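Spelled out from the first residue to the last, the chains are:
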Amino acid sequence: MPPPDRELLRKLAEWPTDGSPVTSLYLDVDGRRHPRRGDVERHADTLLRRALGGAERLGRDAHRSVCRDKQRMSEFLRDEFDRRGARGLALFSSSRAGLWHEQPLSRPIRDRAAVRPRPYLLPLEAAVEKAETICTALVDREKARTLVSRL
């Protein structure tokens, strides 16, 4: 999956939720902090249960949607997620609005979960800002080279 960029942020921010809640989950999946897959799953479950508790006041349909989001995220972490090369992970889900996006990150990210009317994008935006594209030009008397890289 390509690294996050401003276009992804725009796409997520403009997703038509029609008032449906969006569950956002950020996880530090670095093997130094969470050596086993089960450690990541248990930590994510704790964060999601807290977020689910706050969603009870949103109404019955919204609460059901958040419950389905929690289930989908848990299944993804258990069955699909491959953390090779990933040190952070961002998940966005709204079952009522048809939103699902997983974004592995090359840097660790602070753990948090949020249920809001729109995706919680501030941590992902900070990650994008830290990983800007860098262009370097090497020039001598005979030739020039341009190198483009991401951190």
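For the structure given in this document, a descriptive report is provided here.

The rules behind the values
Just so you know, the residues in each chain are numbered from 1, in the order the chain's sequence is written. Reporting in this predicted model follows two pLDDT cut-offs: at least 70 for local features of residues, and 80 or more for side-chain atom pairs to be given and counted; totals over whole chains, interfaces and linings ignore these cut-offs and use all residues. As a rule here, side-chain values come from all non-hydrogen atoms in the structure, and water together with hydrogens is ignored. Axis lines are fitted through C-alpha atoms, for helices just across the contact stretch, and the angle between N-to-C directions can take any value from 0 to 180 degrees. A run of H or I in DSSP becomes a helix once it reaches four residues, and a run of E becomes a strand once it reaches two; helices and strands are each numbered from the N terminus. Here the word oblique covers every angle except those under 35 degrees (roughly parallel), over 145 (roughly antiparallel) and from 65 to 115 (roughly perpendicular). Residue contacts follow a heavy-atom distance rule, with two residues in contact if any of their heavy atoms lie within 4.5 Å. Residues were grouped as follows: Ala, Val, Leu, Ile, Met, Phe, Trp, Tyr, Cys and Pro as nonpolar; Asp, Glu, Lys and Arg as charged; and all remaining residues, including Gly, as polar. A pair of strands counts as paired when DSSP detects no fewer than two bridges linking them. The buried label goes to any residue with under 20% of its type's maximum accessible area, the exposed label to any with over 50%, and the partly exposed label to all in between, with areas taken from a 1.4 Å probe on protein chains only. We define a polar contact as two N or O atoms separated by no more than 3.5 Å, with the added condition that, inside protein, one atom must be a possible hydrogen donor and the other a possible acceptor, whereas residues neighbouring each other in sequence contribute only through side-chain atom pairs. Classification of ring pairs uses Phe, Tyr and Trp, with its six-membered ring standing for Trp, and accepts pairs whose centres are within 6.5 Å; under 30 degrees between planes counts as stacked, over 60 as edge-to-face, and the remaining range as tilted.

### Describing the packing of helix H2 (residues 37-54) against helix H3 (residues 60-80)
Contact geometry of H2 with H3 gives a least axis separation of 10 Å together with a crossing angle of 175 degrees. Viewed along their axes, H2 and H3 adopt a mutual orientation that is roughly antiparallel. Here Arg37, Val40, Glu41, Ala44, Asp45, Leu48, Arg49 and Leu52 of H2 come into contact with H3, specifically with His63, Val66, Cys67, Lys70, Met73, Ser74, Leu77, Arg78 and Glu80. Along the lines of polarity and charge, the residues of the contact of H2 with H3 split into 8 nonpolar, 2 polar and 7 charged.

### Some points on the sheet that holds strand E3 (residues 99-105)
Strand pairing in a sheet takes place through backbone hydrogen bonds and is either antiparallel or parallel in direction. One open sheet holds the 4 strands; their spatial order is E3-E2-E1-E4, and the pairing between them is antiparallel. Across the chains shown, the open sheet's two edge strands, defined by having one partner strand only, are E3 and strand E4 (112-116). Adjacent strand axes in the sheet meet at a mean angle of 10 degrees when their direction is disregarded. Note: strand E2 (residues 88-94) against E3, 7 bridges, orientation antiparallel. Paired with Ala90 across the bridge in E3 is Gln103. Against the sheet, H3 touches strand E1 (22-28), E2, E3 and E4, its axis set at about 145 degrees to E2.

### Overview of the environment of Arg72
Note that Arg72 resides in helix H3. We classify Arg72 as partly exposed; its relative accessible area is 27%. As a C-alpha pair, Arg72 and Ser94 span 22 residues in sequence and 9.8 Å in three-dimensional space. The residues touching Arg72, leaving out its near neighbours within four places in the chain, are Glu80 and Trp100. At 3.1 Å, the side chain of Arg72 and the side chain of Glu80 are in polar contact.

### Topic: the pairing of E3
Side chains Leu99, His101, Gln103 and Leu105 of E3 all project onto a buried face; the interleaved residues Trp100, Glu102 and Pro104 project onto a face where none is buried. Count of turn residues in the E2/E3 antiparallel hairpin: 4 residues, of which Gly98 carries a positive phi of about 75 degrees.

### Some thoughts on the packing of aromatic side chains
On inspection of all chains with the given rule, the structure shows 4 aromatic pairs. For the ring pair Tyr26 and Tyr120, a centre distance of 6.2 Å and an interplane angle of 85 degrees mean the geometry is edge-to-face. Highlighted residues: Tyr26 in strand E1 and Tyr120 in the loop between E4 and helix H4 (122-130), separated in sequence by 94 residues. Taking the relative accessible area as the measure of exposure, Tyr26 reaches 0% and is therefore buried. Assessed through its relative accessible area of 15%, Tyr120 is described here as buried.

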